[in-house]
Amino acid sequence: MDKLVEYIAKSLVDHPDAVRVTKREEEDSVVIELTVDPEDTGKVIGKQGRIAKAIRSIVKAASVNDEKKVVVDIL
């Protein structure tokens, strides 16, 4: 899932080399943390959070067969 989030984020931003994705596993979930250049934060979040919500929806759909819940955090 982290590669999917990284691919989507790099497609959206002006500084793709600044995109960092880390994956942290917890008891019942997997947390994917996305960090981008401060200038690109708005592009990843989108107006009223629409792009962030779309990224989360794509990851949720892609992880439907996984046993753990996948959460995407944008830092």
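For the structure, see preceding data.
Residues numbered from 1 in each chain as written. Predicted model: local features only at pLDDT ≥ 70, side-chain atom pairs only at ≥ 80, totals over all residues. Heavy atoms only, no water.

**Observations regarding the overall build of the protein chain**
Here comes step 1: Along the protein chain, the regular secondary structure elements total three helices and three strands.
Here comes step 2: Element order for the protein chain, N to C, with α for helix and β for strand: α-β-β-α-α-β.
Here comes step 3: Taking 75 residues into account, the globule formula puts the C-alpha radius of gyration at 11 Å, and the protein chain, at 12 Å, falls close to it.
Here comes step 4: For the protein chain, the spread of C-alpha atoms along the principal axes amounts to about 35 × 20 × 15 Å.
Here comes step 5: Buried positions account for 29% of the 75 residues belonging to the protein chain.
Here comes step 6: Considering only residue pairs separated by 6 or more positions, the protein chain has 52% of its internal contacts joining residues 24 or more positions apart.
Here comes step 7: Total accessible area on the protein chain is roughly 5,100 Å²; 50% of this is exposed by carbon and sulfur atoms.
Here comes step 8: The averaged location of the 15 negative side-chain charges in the protein chain is 6 Å from the averaged location of its 13 positive side-chain charges. (Helix = DSSP H or I, 4+ residues; strand = E, 2+ residues; numbered from the N terminus. Rg over C-alpha atoms; globule rule 2.2 N^0.38 Å. Buried < 20%, exposed > 50% of the residue type's maximum accessible area, 1.4 Å probe, protein only. Contact = heavy atoms within 4.5 Å. Areas by Shrake-Rupley, 256 points an atom, 1.4 Å probe, with all protein chains shown as cover. Lys, Arg positive; Asp, Glu negative; His and termini not counted. Charge placed at Lys NZ, Arg CZ, Asp CG, Glu CD.)

**Section: the pattern of salt bridges**
Here comes step 1: All told, the structure shown has five salt bridges when counted by the stated rule.
Here comes step 2: A salt bridge links lysine 10 to glutamate 6, with the nearest nitrogen and oxygen atoms 3.1 Å apart. With lysine 10 and glutamate 6 both in helix α1 (residues 2-12) and four residues apart, the pair spans about one turn of that helix.
Here comes step 3: The closest approach of N and O atoms between glutamate 25 and lysine 68, which form a salt bridge, is 3.3 Å. Here glutamate 25 is found in strand β1 (residues 20-25), whereas its partner lysine 68 is found in the loop between α3 (50-62) and β3 (69-74), with 43 residues between them in sequence.
Here comes step 4: Ionic contacts of the salt-bridge type, sharing partners, join the residues Arg24, Glu26 and Glu33 into one network. (Salt bridge = Lys/Arg side-chain N within 4 Å of Asp/Glu carboxyl O.)

**Considering the nonpolar core**
Here comes step 1: One finds Val5, Val19, Leu34, Val36 and Val44 to be the most contacted residues of the largest nonpolar core, which totals 14 residues.
Here comes step 2: Those elements giving two or more residues to this core turn out to be α1, β2 (29-35), α3 and β3.
Here comes step 3: Apart from residues lying up to four places away in sequence, valine 44 is in contact with Val13, Leu34, Val36, Ile51, Ala52, Ile55 and Ile74. (Core = buried A, V, L, I, M, F, W, Y, C linked by side-chain atoms within 4.5 Å.)

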